[in-house]
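Spelled out, the chains give:
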Amino acid sequence: MGKTVKVKSRYTDYILIVPGTALMALAINVVFEPAGLVTGGFSGLAIIIKSLTEGLMAGGIPLWITTTVLNIPLFLIGFKIRGAQVLGKTLFGAAMLSLWLYIIPEISLTPDDLLLSAAFGGALQGVGIGMVFIGHATTGGTDMVASLIQQKMRHYTVAQIMQVLDALVVLSGAYVFGITKALYAVIAIMVITKVSDTLIEGLHFSKVAYIITEKPEEIAQALMINVDRGVTGITAKGMYTGNSRTMLYCVVGKKQIVALKDIVMELDKDAFVIVTDAREVLGEGFV
């Protein structure tokens, strides 16, 4: 039964990644690129490179070529360091994003309206990113760069490094397209973040899960191994039944809550799970 659930979960992840990357590519090709909005990541860098190379070739270097070329060396390094199994879905996500960037025509859906471009493009991108995250993947890019850098700079988190990298890309966009478009790009980034966080139920940095289950030992071990987060067992008593049992308490990153729920439901479909926000977490593994 466990293997069947895992197989179904794996195929569901890929089913989410495909439309998720399509929405991301749609936002990039028909909103952000025509409007000159650089929201960070390799896609933002590709928009800059396309603009700068328009004098060298008609239309500049296509976005899909730039994102592919930038991702290839990253994945080669990543495979060597972390292995193919870990990066499998991320490789698929990066490949699908490049494919959709190639397939979707570069037209403008929001001509001459930067505010609409920021809002609509941000919403599309946010939904797409949220779906990819729910599929337990990313699309490479600055996520991958930050992850590799963090291997050498352990005192910084991946999120901190990624924020710096994306900020540098946005500043480069400000230099190429002007400060006004950069400010609208900031609006788009805020929309992207809000929408994607809402979709993956991660409105804040971390999530707290209370798990009431008949299989506390199995679930705790699975969470500590697969999610790499500590789990605390709390003795609790059901006031209706009078029975005592162990309630699990676990704090995870916002992108890990999907994996936590998957593990709990796979091991105990009758488990009772309460998820709440943690506005600030201090300690090992958190900032």
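Residues numbered from 1 in each chain as written. Predicted model: local features only at pLDDT ≥ 70, side-chain atom pairs only at ≥ 80, totals over all residues. Heavy atoms only, no water.

Before going further, it helps to examine the pattern of salt bridges. With the rule as written, the count across this model stands at five salt bridges. Two residues, lysine 50 and glutamate 106, come together in a salt bridge whose shortest N-O distance is 2.1 Å. On the criterion of sequence distance, the pair formed by lysine 50 in helix α2 (residues 41–52) and glutamate 106 in the loop between α4 (84–103) and α5 (114–134) is long-range, its members being 56 residues apart. With a relative accessible area of 35%, glutamate 106 lands in the partly exposed category. In this structure, the salt-bridge partner of aspartate 277 is lysine 207, at a minimum N-O distance of 2.4 Å. (Salt bridge = Lys/Arg side-chain N within 4 Å of Asp/Glu carboxyl O. Helix = DSSP H or I, 4+ residues; strand = E, 2+ residues; numbered from the N terminus. Buried < 20%, exposed > 50% of the residue type's maximum accessible area, 1.4 Å probe, protein only.)

Taking 1.5 Å of rise per residue, 21 residues should cover 30 Å, and helix α8 (residues 179–199) covers 30 Å from first to last C-alpha, within 8% of that figure. Ala182, Ala185, Ala188, Ile192, Ser196 and Asp197 are the residues of α8 that are buried. Viewed end-on, α8 has its buried residues packed into an arc of 155°, placing them on one side of the element. In α8, those exposed residues whose orientation departs by more than 90 degrees from the buried face are Leu183, Met190 and Lys194. (Expected span 1.5 Å × (residues − 1). Arc of directions from axis to C-beta.)

Ordered by their spatial adjacency, four strands build an open sheet running β2-β3-β1-β4, and the pairing between neighbours is antiparallel. Two strands close off the open sheet at either side, each with one partner strand: β2 (231–237) and β4 (272–278). The average undirected angle you get between the axes of adjacent strands in this sheet is 25°. Here β2 pairs with strand β3 (residues 244–253) via seven bridges, running antiparallel. Opposite valine 231, over in β3, you have cysteine 250 as the bridge partner. Seen against the sheet, helix α9 (residues 216–227) touches β1 (206–212), β2 and β3 and runs at an angle of roughly 15° to β3. (Pairing = 2+ DSSP bridges. Axes fitted to C-alpha atoms, helices over the stretch in contact; angles between N-to-C directions. Contact = heavy atoms within 4.5 Å.)

Here we take up unusual backbone geometry. Non-glycine residue aspartate 112 carries a positive phi angle of around 60°. Relative to the helices and strands, aspartate 112 resides in the loop between α4 and α5. Overall, the relative accessible area of 85% leaves aspartate 112 in the exposed class. Positive phi is not limited to glycine here, since aspartate 228 has a value of about 60°.

On to the packing of α9 against helix α10 (residues 257–267). As a packed pair, α9 and α10 sit with axes 10 Å apart at the nearest point and diverge in direction by 145°. Both α9 and α10 take part in a crossing whose hand is right-handed. For the pair α9 and α10, the contacting residues are Glu218, Ile219, Ala222, Leu223, Asn226 and Val227 in the first and Ala259, Leu260, Ile263, Val264 and Leu267 in the second. Residue composition of the contact of α9 with α10, grouped by class: nine nonpolar, one polar and one charged. (Left-handed = near helix turned anticlockwise from the far one by under 90°. Nonpolar A, V, L, I, M, F, W, Y, C, P; charged D, E, K, R; others polar.)

Applying the stated criterion across every chain yields a total of three aromatic pairs. Between the aromatic rings of tryptophan 64 and tyrosine 102, the centroid separation amounts to 5.0 Å while the plane-to-plane angle is 75°, which identifies the pairing as edge-to-face. Here tryptophan 64 is found in helix α3 (residues 63–82), whereas its partner tyrosine 102 is found in helix α4, with 38 residues between them in sequence. Take tyrosine 102: its relative accessible area is 54%, and that puts it in the exposed class. For the pair tyrosine 210 and tyrosine 249, a centre-to-centre distance of 5.2 Å together with 65° between the ring planes defines the contact as edge-to-face. (Phe/Tyr/Trp six-rings, centres within 6.5 Å; stacked < 30°, edge-to-face > 60°.)

The subject of this paragraph is a nonpolar patch on the surface. On the surface, Trp64, Ile65, Val69, Leu99, Tyr102 and Ile103 cluster together into a nonpolar patch covering about 550 Å² of accessible area. Residue assignment for the nonpolar patch shows that the elements contributing at least two residues are α3 and α4. Structurally, valine 69 is set in helix α3. Residue classification places valine 69 among the exposed residues on the basis of a relative accessible area of 52%. (Patch = residues over 30% accessible without salt bridge, like charges linked within 9 Å, V, L, I, M, F, W, Y side chains within 5 Å. Areas by Shrake-Rupley, 256 points an atom, 1.4 Å probe, with all protein chains shown as cover.)

Let us now look at the packing of α5 against α8. Packed helices, taken two at a time, are described by the angle between their axes plus the distance between the axes. The N-to-C vectors of α5 and α8 enclose an angle of 35°; their axes lie 7 Å apart at closest approach. The two elements α5 and α8 meet at a crossing, and its hand is right-handed. In the contact of α5 with α8, the residues fall into 16 nonpolar, six polar and one charged.

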